[in-house]
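Below are the chains, spelled out letter by letter.
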Amino acid sequence: MEFIKGTVTTPLGFVANSVHCGIRRNKTKHDLALVYCEKPCTAAAMHTSNLVKGAPNRVTAANLENGVAQAIICNSGIANTCAADGIEKAEAMCALAANALGISAKDVIVASTGVIGPSINIEPIANHIDELKGGLSRDGGERAAIAIMTTDTHEKQVCVKFELDGKTCYIGGMAKGSGMIMPNMATMLCFLTTDAAISAEMLKKALNAVVCDTFNMVSVDGDTSTNDMCSILASGLAGNAEITAEGAEFDTFKSALFEALRYLSREIARDGEGATKLVEAYVHGAKDKATAKTVAKSVINSSLLKAAMFGADANWGRVLCAIGYSGAELNINGVDVDFVSCKGSIAVCRNGAGIEFDEGIAKTILLENEITIDIKLSDGEAEATAWGCDLTYDYVKINGDYRS
């Protein structure tokens, strides 16, 4: 398996495009994206666990009940959530895309991201759908990735090359997410494509397993969005024997998917609103995976710790505090903590208690833009990793006037 430069259109069969249709006021920003496959694909998706769900999530979930899709349409600017006519508008977006492409509206994945509450205006989408469809190309993946952004500072794309059954396969992906991020399936959207042949049942099984260890281990601000969605389309055009059960080929596919989503997870955390640092919490020595995950997410969610990382302050007590209120059962007197970056590593806590360390060296380590908090428990061999970012003044500025 290897990472290569590519987009959602790198896997065989896929094309994409984006336009500015007028949902967003800024005419320099594209706000409508379309991804299409030349043939029906097996498909799967995961959605937010928030009880307040965007209308697109509900429509997409219904459309994917048969495990088949052929296109994705997504707008940015308006989330189409908590609007009285939300379902109607989401279904209308599916119909517009389907009519332009000559496919069934039930074979369209629909997604929206942006401000919660307002009703989305379908007219600009209808007015530009032919232009959107007309510009579909193998080169359109990057444009689509830019169009789904809101407060993101850059597009997030990934492409992984791997082999199944002696055939070269690809997984391409694009994601958006910068604030309102703590996925439980952050405002997070991810669209994946692959040319591997895999049944809808096994595709969903792989996606569910991998998301739990990647996107569900990311937190920028502890807010679970109403519109979180991660979807994947598989064209099968790579020509491998279809994966229909667990085994070596399924494990290979799942490993490639994990690497793709792990990369996108880190990019979402790195690009947290106002963030200057990617912060990783690595927990090992836990009695089981669930405990390790609980501890890692509690630490990465701590606003006090995030603020300390912004200030390059080696305040390890905030790590212990977050572990203590996590709800995990563990021996708190057996916890070790180290701060790590490309500048080195420094031990700050042993057996649940502080030790002497050089504050100057610690600050040098924490001034880097990628920090790992290494947490060693003493209860077993399980491990987990969570990703987040520091908490800065700019986070408040961005969210203080988000609607304007």
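Read on for an overview of the structure. (Residues numbered from 1 in each chain as written. Predicted model: local features only at pLDDT ≥ 70, side-chain atom pairs only at ≥ 80, totals over all residues. Heavy atoms only, no water.)

**Points about the sheet that holds strand 13 (residues 353–354)**
Strand order in the open sheet made by the six strands is 13-12-11-14-10-15, with mixed pairing throughout. Across the chains shown, the open sheet's two edge strands, defined by having one partner strand only, are strand 13 and strand 15 (382–389). By the bridge criterion, seven bridges tie strand 10 (residues 278–286) to strand 14 (residues 370–376) in an arrangement that is parallel. Among the inter-strand pairings, V279 is bridged to a residue of strand 14, identified as I371. In the packing of helix 6 (residues 248–270) onto the sheet, the strands contacted are strand 10, strand 14 and strand 15, and the crossing angle to strand 15 comes to about 40 degrees. Against the sheet, helix 10 (residues 359–366) engages strand 11 (336–341), strand 12 (344–350) and strand 14, with an angle of about 120 degrees to strand 12. (Pairing = 2+ DSSP bridges. Helix = DSSP H or I, 4+ residues; strand = E, 2+ residues; numbered from the N terminus. Contact = heavy atoms within 4.5 Å. Axes fitted to C-alpha atoms, helices over the stretch in contact; angles between N-to-C directions.)

**Side note on the environment of K205**
Looking at the element boundaries, K205 is found in helix 5 (residues 200–213). Placed 49 residues apart in sequence, K205 and K254 show a C-alpha to C-alpha distance of 9.1 Å. Every residue in contact with K205, bar those within four places of it in the chain, is listed here: E246 and F250.

**Description of the pattern of salt bridges**
A side chain of one charge can pair with a side chain of the opposite charge if their charged atoms are brought near each other. According to the stated counting rule, one finds 13 salt bridges in the structure shown. In this structure, D271 engages K156 in a salt bridge whose closest nitrogen and oxygen atoms are separated by 2.6 Å. Judged on exposure class, the residue D271 and its partner K156 are both buried. In the salt-bridge network here, residues are joined through shared partners; they are R266, E267, R270, E280 and E370. (Salt bridge = Lys/Arg side-chain N within 4 Å of Asp/Glu carboxyl O. Buried < 20%, exposed > 50% of the residue type's maximum accessible area, 1.4 Å probe, protein only.)

**Things to note about helix 3 (residues 123–134)**
Within helix 3, burial applies to P124, I125, I129 and L132. The buried residues of helix 3 all sit within an arc of 135 degrees when viewed along its axis, so they share a single face. Facing away from the buried side of helix 3 by more than 90 degrees, the exposed set consists of E123, N127, D130 and G134. The secondary structure elements touched by the buried residues of helix 3 are strand 2 (14–19), strand 3 (32–47), strand 4 (68–78) and helix 2 (86–101). (Arc of directions from axis to C-beta.)

**Regarding unusual backbone geometry**
You will see that C82, though not glycine, has its phi angle at about 65 degrees, which is positive. Even without glycine at this site, A312 takes up a positive phi of about 55 degrees. By the element assignment, A312 lies in the loop between helix 8 (303–310) and helix 9 (317–324).

**Thoughts on helix 9**
Residues V319, L320, A322 and I323 constitute the buried set of helix 9. For helix 9, the buried positions fall inside an angular range of 160 degrees around the axis, keeping them on one side.

**Digging into the packing of aromatic side chains**
Using the criterion set out here, one finds three aromatic pairs in the structure. A centroid spacing of 5.9 Å and a plane angle of 45 degrees characterise the contact between F3 and Y263, whose relative ring orientation is tilted. Look at F310 and Y393: their rings are 5.3 Å apart centre to centre, the planes differ by 90 degrees, and that puts the pair in the edge-to-face class. Placement of the pair is F310 in helix 8 and Y393 in helix 11 (residues 393–400), with a sequence separation of 83 residues. Classification of F310 as partly exposed rests on a relative accessible area of 29%. (Phe/Tyr/Trp six-rings, centres within 6.5 Å; stacked < 30°, edge-to-face > 60°.)

**Describing the pairing of strand 4**
Along any regular strand, the residues point their side chains to alternate faces of the sheet. A large share of strand 4 lies buried, amounting to 10 of its 11 residues. Pairing of strand 3 with strand 4 involves seven bridges; the strand directions are antiparallel. When the bridges of strand 4 are listed, A33 appears paired with C74. Both strand 4 and strand 5 (residues 108–115) contribute to a ladder of eight bridges, which runs parallel. Bridge assignment links I72 to a residue of strand 5, and that residue is I109.

**Here we look at the nonpolar core**
Among soluble globular proteins, nonpolar side chains are generally buried collectively. Ranked by size, the top nonpolar core spans 75 residues in total, and within it L207, F253, L257, L261 and V299 carry the most contacts. At nine residues, the largest contribution of residues to this core is made by helix 6. (Core = buried A, V, L, I, M, F, W, Y, C linked by side-chain atoms within 4.5 Å.)

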